[in-house]
Amino acid sequence: MIDQASGLRKMQNLQQVKVVAVSGGKGGVGKTNTSLNTAIALGQQGKRVLVLDADLGLANVDVMLGLRVKRNLSHVLSGECELDDIIIEGPAGIKIIPATSGSQSMVDLTPSEHAGLIRAFSEMRTQFDVLIVDTAAGISDMVLSFTRAAQDVILVVCDEPTSITDCYALMKLLSRDHGVFKFKVVANMVRTPREGQQLFAKLTKVTDRFLDVAIELVGVIPFDENVRKSVRKQQVIVEAYPQSPASLAYMDLATKVSQWPIPKQASGHLEFFIEQLLAN
Ligand SMILES: Nc1ncnc2c1ncn2[C@@H]1O[C@H](COP(=O)(O)OP(=O)(O)O)[C@@H](O)[C@H]1O
Ligand SMILES: [Mg+2]
């Protein structure tokens, strides 16, 4: 009886979280801007948002927001502190987990680190509605595992041949080897809405022909000088210039994200995401 009761309690504690990975293959296409602006716009809409900075090479998110990071996930893994101790607060109340900087990869954890990480996430005191994972460029194991474990995958592309081919390569690998067949595309830095549609059409032309995937255009973000200005001020555009064209587009995207359903089964839980993340 006691076991049953504690099992039930544990189930009720399981958090329903929408996990969205932001990827795209190429660097410099606007993944971090998309992650943060969407996160902060969701925060402004009253959602409880957690951002996982999974770009391990560069301490991306905190630099972009001008935040100071003292400890990161590696300190949680080594048992020096808990997850709640490393979480930092950003604009609009969003919370950020700085991942490890340097070479340690979360896909090479020892069994005890692995168990420790799952426990750390299940013991987290704060509840969240949305987890946004900002991934690194490229198609490393880390990028693939974060993307595979998320419920929704946003791919950021811009109208450059290398962005389109890298995005295609990522979809090919994810669909062929990792069971991910659905992708949500954000066309970034476009000059006109029509250019966004055309960029998406270019992508569909190759995916329809060669891949077994379903892609959907979920956002068209205009090229906006204020994005760069905000980056220089260590802010994001939805905060610094909320009326600017790119801000309005990010706010639309955030509204869409909040309407995407959370799976009712296990895959809607944070712990499940972490388990998936660590599964080989
Ligand atoms: N919509 C946009 N309009 C203008 N410049 C942009 C836009 N999106 C991104 N950028 C520029 O591109 C740079 C790279 O963006 P970032 O989000 O860091 O890319 P990634 O995370 O993919 O490497 C930013 O510093 C910014 O100056
Ligand atoms: Mg980035």
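Look up a bit, the structure's there.
First things first, this report covers the structure right here in the doc. (Residues numbered from 1 in each chain as written. Chains lettered and ligands numbered in written order. Predicted model: local features only at pLDDT ≥ 70, side-chain atom pairs only at ≥ 80, totals over all residues. Heavy atoms only, no water.)

## Section: helix H2 (residues 31-44)
Between its first and last C-alpha, H2 extends 20 Å over 14 residues, near the 20 Å set by a 1.5 Å rise per residue. Within H2, 13 of the 14 residues are buried, leaving the element largely enclosed by the surrounding structure. Looking at the residues trailing H2, positive phi occurs at Gly46, about 90°. (Helix = DSSP H or I, 4+ residues; strand = E, 2+ residues; numbered from the N terminus. Expected span 1.5 Å × (residues − 1). Buried < 20%, exposed > 50% of the residue type's maximum accessible area, 1.4 Å probe, protein only.)

## Brief notes about the site of ligand 1
Taken together, 17 residues lie around ligand 1, and Gly28, Lys31, Thr32, Asn33 and Asn188 are the ones closest in. Contact between ligand 1 and Lys31: an oxygen atom at 2.8 Å from a side-chain N or O atom of the residue. A distance of 3.0 Å separates a nitrogen atom of ligand 1 from a polar backbone atom of Asp224. For ligand 1, whose unbound accessible area comes to 570 Å², protein coverage reaches 85%. Structurally, ligand 1 is housed in the largest pocket. Going through the elements one at a time, H2, strand E7 (182-190), strand E8 (214-222) and helix H10 (225-232) are the ones with two or more residues in the shell around ligand 1. Residues of the shell around ligand 1, tallied by class, amount to eight nonpolar, six polar and three charged. (Near = heavy atom within 4 Å. Polar contact = N/O pair within 3.5 Å; in protein donor to acceptor, adjacent residues only side chain to side chain. Areas by Shrake-Rupley, 256 points an atom, 1.4 Å probe, with all protein chains shown as cover. 1 Å grid on protein atoms, 1.4 Å probe; cavity = no way out; pocket = protein on both sides within 12 Å on 5 of 7 lines; lining within 4 Å. Sits in = over half its atoms within 2 Å of the grid points. Nonpolar A, V, L, I, M, F, W, Y, C, P; charged D, E, K, R; others polar.)

## Things to note about the nonpolar core
Judged by nonpolar contacts, the single largest core of 35 residues is most densely connected at Leu36, Val51 and Ile94. Filtering out sequence-adjacent residues up to four positions away, Leu36 remains in contact with Val51, Val61, Met64, Leu65, Ile94 and Val236. Core analysis: the next-biggest nonpolar cluster, separate from the first, contains 32 residues, Ala54, Leu73, Leu77 and Leu117 among them. (Core = buried A, V, L, I, M, F, W, Y, C linked by side-chain atoms within 4.5 Å. Contact = heavy atoms within 4.5 Å.)

## What to know about the packing of helix H7 (residues 141-149) against helix H8 (residues 161-177)
For the pair H7 and H8, the least separation of the axes is 11 Å and the interaxial angle reads 65°. Seen from above, H7 lies across H8 with right-handed handedness. Counting all contacts with H7, which are made through Val143, Leu144, Thr147 and Arg148, the residues of H8 involved are Leu170, Leu173 and Leu174. Looking at side-chain class alone, the contact of H7 with H8 contains five nonpolar, one polar and one charged residues. (Axes fitted to C-alpha atoms, helices over the stretch in contact; angles between N-to-C directions. Left-handed = near helix turned anticlockwise from the far one by under 90°.)

## A short note on a positive patch on the surface
Where like charges cluster on the molecular surface, the positive patch consists of Arg191, Arg228, Lys229, Arg232 and Lys233. Here Lys233 shows up in the loop between H10 and helix H11 (237-240). In this structure Lys233 comes out as partly exposed when scored by relative accessible area, which is 47%. (Patch = residues over 30% accessible without salt bridge, like charges linked within 9 Å, V, L, I, M, F, W, Y side chains within 5 Å. Salt bridge = Lys/Arg side-chain N within 4 Å of Asp/Glu carboxyl O. Lys, Arg positive; Asp, Glu negative; His and termini not counted. Charge placed at Lys NZ, Arg CZ, Asp CG, Glu CD.)

## Looking at the packing of aromatic side chains
Under the counting rule described, the total for this entry stands at zero aromatic pairs. Between the NZ or CZ atom of Lys184 and the centre of the ring of Trp260, over which it lies, the distance is 4.5 Å. One cation-aromatic arrangement involves Arg191 over Phe223; the distance from NZ or CZ to the ring centre is 4.3 Å. (Phe/Tyr/Trp six-rings, centres within 6.5 Å; stacked < 30°, edge-to-face > 60°. Lys NZ or Arg CZ within 6 Å of the ring centre and 35° of its normal.)

## What to know about the pairing of E8
On any regular strand, side chains alternate: one points to one face of the sheet, the next to the other face. Note: E7 against E8, eight bridges, orientation parallel. Counterpart to Lys182 in the pairing with E8 is Ala214. Crossover E7 to E8 through helix H9 (residues 193-210) is right-handed. (Pairing = 2+ DSSP bridges. Right-handed = clockwise from strand over helix to strand, strands pointing away.)

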